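Read off the chains here:
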Amino acid sequence: MALRRAVAAVRHGDSRYGGGSAQAQAAAHLLDQWALPLFGRSLPATREHELCAICAELARLAGWAALDTGRHAAARRHFDHALYWARAADDPDATTYVLATMALHAALYGRPATALDMIQGALGPGMHHASTRVLAFTRLIEARALARASDGRAASTSLAAAERLLDAAHPDDAPDWLDFFTHPRLAADAAEIHRDLGNSQACFAWHEQAEAMAPNAFTRSVGMRLAVVATAHLKAGDLEQSLALGHRSVDILQQVNSRRARDYVLRLVSGLTPHRDLRPVGAFLTRVRQELSAPAP
């Protein structure tokens, strides 16, 4: 179906160019102008469920694009619509995934308790039919929320559960829209989890496992991970390595239209502020200001 191919193009464009790109912003247009009008036709039940699932993914992508560009109220509206369509599709994978996405939004922006409530909903009764790979992703988001809540022991337990589930998942045991969720992607999130928990050595170890991610396909994720690991090196007292990774992050994120990714770099900028009188640090801060259109101190 042409609409499914268009949805895949939006998903891959978002990963490569960011939520502010034309590719990612097309999600809302495809939903309103192409997908929803199809409900005006007479469709067999199987086709109607398929269309509901497509609407769920487009609404989720529209929400993710809004989140990525800092429009959080719009993101929540889109995610609510995505959850409605996933349930209308009677699709446990889509429903669980949308709830996990909503939980990640809450965790990233200061509401880890809300995120954990959503995860309980995603993993609760009625969701046991979700595929193993989707459940693995959900447990990973649970680990991220627990790390933001500073619960290191529980975060480690959830991360280990996510890894076990991912290892157990059959290669075909997942919808196409979860094709990005491989071990390197789990490792990238694990690096951030351990950065949030203050465990720099674990962060570095997971970072090495995530290096297999291709920057030309997962551009935003790779650039953000480099910024995450740069902040961990800075906290560990290795200014030189922090700056080296910071420069690599800027190299990659120049082509990404994502306020969220820029905020990851700005967290590094904030940590570097006490060292701004050092020439290499000043040069980096100037570069961030000029090339990411972000204010450096």
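Residues numbered from 1 in each chain as written. Predicted model: local features only at pLDDT ≥ 70, side-chain atom pairs only at ≥ 80, totals over all residues. Heavy atoms only, no water.

**Side note on helix H12 (residues 239–253)**
An α-helix turns once every 3.6 residues. As a result, residues three or four positions apart point the same way. Inclusion rule: Strands here are runs of E lasting at least two residues and helices are runs of H or I lasting at least four, both read from the DSSP assignment and numbered beginning at the N terminus. One fewer than the residue count of a helix, multiplied by 1.5 Å, yields its expected span. Think of it in three bands: residues with accessible area under 20% of the maximum for their type are buried, residues over 50% are exposed, and the middle band is partly exposed, with areas taken using a 1.4 Å probe on protein chains only. Throughout, a residue-residue contact means that at least one pair of heavy atoms, one from each residue, lies within 4.5 Å.
Taking 1.5 Å of rise per residue, 15 residues should cover 21 Å, and H12 covers 21 Å from first to last C-alpha, within 8% of that figure. Considered for burial, the residues of H12 that qualify are Ser242, Leu243, Leu245, Gly246, Ser249, Val250, Ile252 and Leu253. Buried residues along H12 sit against helix H11 (219–235), helix H13 (259–272) and helix H14 (279–291).

**Details of the environment of Trp64**
Mapping Trp64 onto the fold places it in helix H3 (residues 45–68). For Trp64, a relative accessible area of 12% translates into the label buried. As a C-alpha pair, Trp64 and Arg76 span 12 residues in sequence and 9.3 Å in three-dimensional space. Sequence-distant contacts of Trp64, defined by excluding residues within four places in its chain, comprise Asp14, Phe79, Thr101, Leu104, Arg220 and Arg260.

**Section: the packing of helix H10 (residues 200–210) against H11**
Going by this rule: Angles run from 0 to 180 degrees between N-to-C directions of axes, and those axes are lines fitted to C-alpha atoms, restricted for helices to the stretch in contact. The cut-offs work like this: below 35 degrees is roughly parallel, past 145 is roughly antiparallel, 65 to 115 is roughly perpendicular, and the gaps in between are oblique. A clockwise turn of the near helix away from the far one marks a right-handed crossing, whereas an anticlockwise turn of less than a right angle marks a left-handed crossing. When residues are sorted by character, Ala, Val, Leu, Ile, Met, Phe, Trp, Tyr, Cys and Pro go into the nonpolar class, Asp, Glu, Lys and Arg into the charged class, and all the rest, Gly among them, into the polar class.
Between H10 and H11, the least distance of the axes is 10 Å, while the angle of their chain directions is 150 degrees. When the interaxial angle is binned, H10 and H11 end up roughly antiparallel. Considering only the axes of H10 and H11, their crossing is left-handed. On H11, the residues touching Ser200, Cys203, Phe204, His207 and Ala210 of H10 are Arg225, Leu226, Val229, Ala232 and His233. Residue classes in the contact of H10 with H11 are distributed as six nonpolar, three polar and one charged.

**Here's the deal with the environment of Gln290**
With respect to the helices and strands, Gln290 occurs in helix H14. For Gln290, a relative accessible area of 57% gives the class exposed. Residues Gln290 and Val10 lie 280 residues apart in sequence; the distance between their C-alpha atoms is 28 Å.

**So, the nonpolar core**
Note the cut-off: We call a set of buried Ala, Val, Leu, Ile, Met, Phe, Trp, Tyr and Cys residues a nonpolar core when their side-chain atoms join them within 4.5 Å.
One finds Phe181 and Phe284 to be the most contacted residues of the largest nonpolar core, which totals 98 residues. Per element, the largest residue contribution to this core is 13 residues, and it comes from H3. Ignoring sequence-local partners within four residues, the contact set of Phe284 consists of Leu243, Gly246, His247, Val250, Leu268, Val269 and Leu272.

**Things to note about the side chain of Asp93**
Assignment of secondary structure puts Asp93 in helix H5 (residues 92–108). Once residues within four sequence positions are removed from consideration, Asp93 is found in contact with Ala130, Ser131, Val134, Pro175 and Trp177.

**Examining the state of the cysteines**
Note the cut-off: To count as a disulfide, a pair of cysteine sulfur atoms needs to be within 2.5 Å.
One pass over the structure, following the stated rule, counts zero disulfides. Among the cysteines around Cys52, which has no disulfide bond, Cys55 carries the closest sulfur, lying 6.4 Å off. Owing to a relative accessible area of 3%, Cys52 belongs among the buried residues under this scheme.

**What about the pattern of salt bridges?**
Between side chains of opposite charge, a pair can form as their charged atoms come close. Note the cut-off: Here a salt bridge means any side-chain nitrogen of Lys or Arg lying within 4 Å of a carboxyl oxygen belonging to Asp or Glu.
Under the defined criterion, the tally for this structure stands at 20 salt bridges. A salt bridge links Asp68 to Arg260, with the shortest nitrogen-to-oxygen separation between them at 2.9 Å. Taken together, the residues span a long stretch of sequence, with Asp68 in helix H3 and Arg260 in helix H13 at a distance of 192 residues. One salt bridge connects Asp196 with Arg267, and the closest N-O pair in it is separated by 4.0 Å. Placement of the pair is Asp196 in helix H9 (residues 183–196) and Arg267 in helix H13, with a sequence separation of 71 residues. One salt-bridge network, held together by shared partners, links Arg144, Arg148, Arg185, Asp189, Glu192, Arg195, Asp196 and Arg267.

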